[in-house]
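A closer look at the structure
If you want the building blocks of each chain, they are given just below.
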Amino acid sequence: MQRIYEFGEFTLDASRLMLIRGGDEVQVSPKAIELLVLLVESGDRVVTRTEIMDRLWQDTFVEEGNINFHISNLRRALGQNGKPESQYIRTVPRKGYKFIAAVKTAAEVSERADGHNRERRRSSRLWRPFAIGGAVIAATAIILASAFALGLRQDNRNAANLNSDVPPEAVALYTKGKRVWESRVFNDQDPAELFRQAITISPKYLDAHVALADTYAFDATPERAEQTIARAKSLGGESADLLATQAFVKMFHYWDWQGAEADFANAISLETNNAKARHWYGVLLSLTGRLDEARDQMRRARELAPDSLIIAADLGQLEYFAGDLSAAAAELQNVLRVEPRFAMARRYLAEVHEARGDEAEAFEERLKSGVRRSTDIAESRKVFEQGGLRHLWQRTINNGRCNADSANPYDCARLYAKLGDEEKALEQLEIAVRKRQFHAPFALVDPVFGPLRESDRFRAVSQAVEQGRSLARQ
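Here goes a summary of the coordinates provided. What you see is a predicted model, and the numbers here were worked out from it, not measured in a lab.

**Observations regarding the overall build of the chain**
Counting its regular elements, the chain contains 22 helices and seven strands. Relative to its 474 residues, the chain shows a buried fraction of 52%. Taking as baseline every contact in the chain between residues at least 6 positions apart, the subset at least 24 positions apart corresponds to 57%. With the model as given, the accessible surface of the chain reaches about 22,600 Å², and the carbon-plus-sulfur share is 48%.

Below you can see the structure in the form of structure tokens.
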């Protein structure tokens, strides 16, 4: 069943979580569009603030002020300026919100489109492809707008051909996958599975192959990413997106810093406004200690993709690495206003609070960084009240998670460093490097390891990462 609605100048595709105006996608956060869908599909009914919280943030710790934030963003995106003719969302005092504009459903839009098409056949006027007149036309506009918004390279004829004539159901899967991937909130669905489904429907769908390579690049092993990159290249040739993904694999899986930087440079020369390339290049620059250059690249990436939560969160982490805790907190709090479930931003913000000495705030952010059972929350609060964060860190270690066979030695190294046990911290860091653990390179810039940096063992760890090799077993 199509869930397409028209009101005023806008088309809302509820299934794809897309808002279209004049053939262009309106840049609004996915959570704001979820709120808009809830209001539109509620008809004349007033939607209470309690219902909004229950429907949009179920099992998630959020502040009620998030509703005000998203309502404000929606009104701005819709051009609601206080004049009667621009009204879409009405506040009902002490109750909630109501969508008041006239809404046409997909069936009504299709009926009007049929009449329009009959009239067009009697006329010699050319069809204007971006005129939003019916469900089919609206879907076409959505597909084209999605392709532009998600970075389709229109100057690459081969790539453009591969991404044309893609069935709408494949585009819908790809679009949803991109939204899930960019949000880094995978509670509901795995983005890689969505991209695979899109490729099953349309095997030569280049954008879906590139997106799938991105998700595979974050796997523990790089082989699937490299195979998918090769497949995408065989379909559409070299591109900035593929070079950026290739560079990411070199950076995190092989610690080939020079090779990765060369790929990023080539990607940016091919497409200077490629946000992904600039974002990940900023990560490389931060890990190699070039923090000012990293900040420039990430800020440029954010200008190019202002709604990207992960770019904003990584910029906050960069400020944490640079020691500007106020700037880091501001960046991360802005992310969480848009998407309170963004666990990475919560974890980064917890580290900022710890660095400031604000243990209570850090503890609360840790609790909010994932869905936990009430019994676990109660137990954690009890331990925290008895001895603060140190007791929580020590409990994790005492549970046997940080031994020679630790599944996450880098995190264990951080715990030991926070507790002041330099010997154990270095031991876990060495394990992380030998295993080529994904996060091991962050030790080079993470302030937690500051007290260890003058030791010979830490220098050996740094050299192993910088030179792209693992530590030899003693």
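More follows now that the structure is in view.
**Remarks on the pattern of salt bridges**
Inspection of every chain in the model, using the stated rule, returns 31 salt bridges. Measuring nitrogen to oxygen at the nearest pair gives 2.9 Å for the salt bridge that ties E423 to R457. Here E423 is found in helix α21 (residues 422-434), whereas its partner R457 is found in helix α22 (residues 456-466), with 34 residues between them in sequence. Within this structure, E351, E354, R366, R414, K418 and D446 form a network of salt bridges that share partners.

**Here's the deal with the packing of helix α15 (residues 309-322) against helix α16 (residues 325-338)**
Running from amino to carboxyl end, α15 crosses α16 at an angle of 160 degrees, the nearest separation of the two axes being 7 Å. With respect to their mutual orientation, α15 and α16 come out roughly antiparallel. Between α15 and α16 the crossing geometry is left-handed. Counting all contacts with α15, which are made through L309, A312, A313, L315, G316, E319 and Y320, the residues of α16 involved are L325, A327, A328, E331, L332, V335 and V338. Split by residue class, the contact of α15 with α16 holds eleven nonpolar, one polar and two charged.

**A look at the sheet that holds strand β5 (residues 47-48)**
On the basis of which strands lie adjacent, the open sheet formed by three strands has the order β5-β7-β6 and antiparallel pairing. The sheet is open, and its two borders are formed by β5 and β6 (89-92), each paired with just one other strand. Summarising the sheet, β5 and strand β7 (residues 96-99) pair through two bridges and their orientation is antiparallel. Across the sheet, V47 pairs through a bridge with Y97, a residue of β7. Seen against the sheet, helix α1 (residues 30-41) touches β5, β6 and β7 and runs at an angle of roughly 70 degrees to β7.

**A word on the packing of aromatic side chains**
What the rule picks out here adds up to 22 aromatic pairs. Taken together, a centroid distance of 5.7 Å and an interplanar angle of 65 degrees make the contact between F7 and Y88 edge-to-face. Of the two residues, F7 sits in strand β1 (residues 4-7) while Y88 sits in the loop between α3 (65-77) and β6, which places them 81 residues apart along the sequence. An identical accessibility class is assigned to F7 and Y88; each is buried. Judged by its relative accessible area of 8%, Y88 is buried. Within the aromatic cluster, the residues linked to one another by ring pairs are W181, F218, F248, F252, W280, Y320, F321, F438 and F442. Directly above the ring of W255 sits R436, whose terminal nitrogen or CZ lies 4.7 Å from the centroid.

**Some words on the environment of G177**
Along the chain, G177 turns up in helix α7 (residues 168-183). Not counting residues within four places of it along the chain, the set of residues in contact with G177 comprises P191, L194 and F195.

**Quick look at helix α12 (residues 257-270)**
In this model α12 runs 20 Å from its N-terminal to its C-terminal C-alpha over 14 residues, within 8% of the 20 Å that 1.5 Å per residue would give. Among all positions in α12, only W257, G259, A260, D263, F264, A267 and I268 are buried. Next to the buried residues of α12 lie α11 (240-253), α13 (275-287), α14 (291-304) and α22.

**Describing the sheet that holds strand β4 (residues 24-25)**
The strand order across the open sheet built from four strands is β1-β2-β3-β4, with neighbouring strands paired in antiparallel fashion. Two strands close off the open sheet at either side, each with one partner strand: β1 and β4. Here β1 runs beside strand β2 (residues 10-13); their pairing, made up of four bridges, is antiparallel. Note on β2: the bridge partner recorded for I4 is D13.

**Focus: the state of the cysteines**
Two cysteines, two sulfur atoms, one covalent bond between them: this is a disulfide. The full count for this structure, using the stated rule, is one disulfide. The disulfide bridge from C402 ends at C412, spanning 2.1 Å between sulfur atoms. Where C402 bonds to C412 through sulfur, the torsion about that S-S bond is close to -80 degrees, and the disulfide is left-handed. Taken together, the positions of C402 in the loop between α19 (374-401) and α20 (409-419) and C412 in helix α20 put the pair ten residues apart, joining distant regions of the chain. Neither C402 nor C412 differs from the other in exposure class; each is buried.

**Looking at the nonpolar core**
Counting 108 residues, the largest nonpolar core has M251, F264 and F449 as the members making the most contacts within it. The next biggest cluster of nonpolar side chains, apart from the first, holds 32 residues, and it includes L19, V26, V37 and L78.

**Examining the environment of E193**
Structurally, the position occupied by E193 is in helix α8 (residues 191-201). In this structure E193 comes out as partly exposed when scored by relative accessible area, which is 31%. Along the primary structure E193 and T215 are separated by 22 residues, whereas in three dimensions their C-alpha atoms are 9.9 Å apart.

**Topic: unusual backbone geometry**
Phi at R94 is positive, roughly 65 degrees, even though this residue is not glycine. Phi at R436 takes a positive value of approximately 50 degrees, unusual for a residue other than glycine. Tracing the chain through its elements places R436 in the loop between α21 and α22. Take R436: its relative accessible area is 27%, and that puts it in the partly exposed class.

**Notes on the pairing of β6**
Inspection of the sheet shows β6 paired to β7 by four bridges, in the antiparallel sense. Its bridge partner lying in β7, I89 is registered against F99. Between β6 and β7, which pair antiparallel and follow one another directly, the connecting turn spans three residues, one of which, R94, has a positive phi of 65 degrees.

What counts and what doesn't
- Residues numbered from 1 in each chain as written.
- Predicted model: local features only at pLDDT ≥ 70, side-chain atom pairs only at ≥ 80, totals over all residues.
- Heavy atoms only, no water.
- Helix = DSSP H or I, 4+ residues; strand = E, 2+ residues; numbered from the N terminus.
- Buried < 20%, exposed > 50% of the residue type's maximum accessible area, 1.4 Å probe, protein only.
- Contact = heavy atoms within 4.5 Å.
- Areas by Shrake-Rupley, 256 points an atom, 1.4 Å probe, with all protein chains shown as cover.
- Salt bridge = Lys/Arg side-chain N within 4 Å of Asp/Glu carboxyl O.
- Axes fitted to C-alpha atoms, helices over the stretch in contact; angles between N-to-C directions.
- Parallel < 35°, antiparallel > 145°, perpendicular 65-115°, else oblique.
- Left-handed = near helix turned anticlockwise from the far one by under 90°.
- Nonpolar A, V, L, I, M, F, W, Y, C, P; charged D, E, K, R; others polar.
- Pairing = 2+ DSSP bridges.
- Phe/Tyr/Trp six-rings, centres within 6.5 Å; stacked < 30°, edge-to-face > 60°.
- Lys NZ or Arg CZ within 6 Å of the ring centre and 35° of its normal.
- Expected span 1.5 Å × (residues − 1).
- Disulfide = S-S within 2.5 Å.
- Core = buried A, V, L, I, M, F, W, Y, C linked by side-chain atoms within 4.5 Å.

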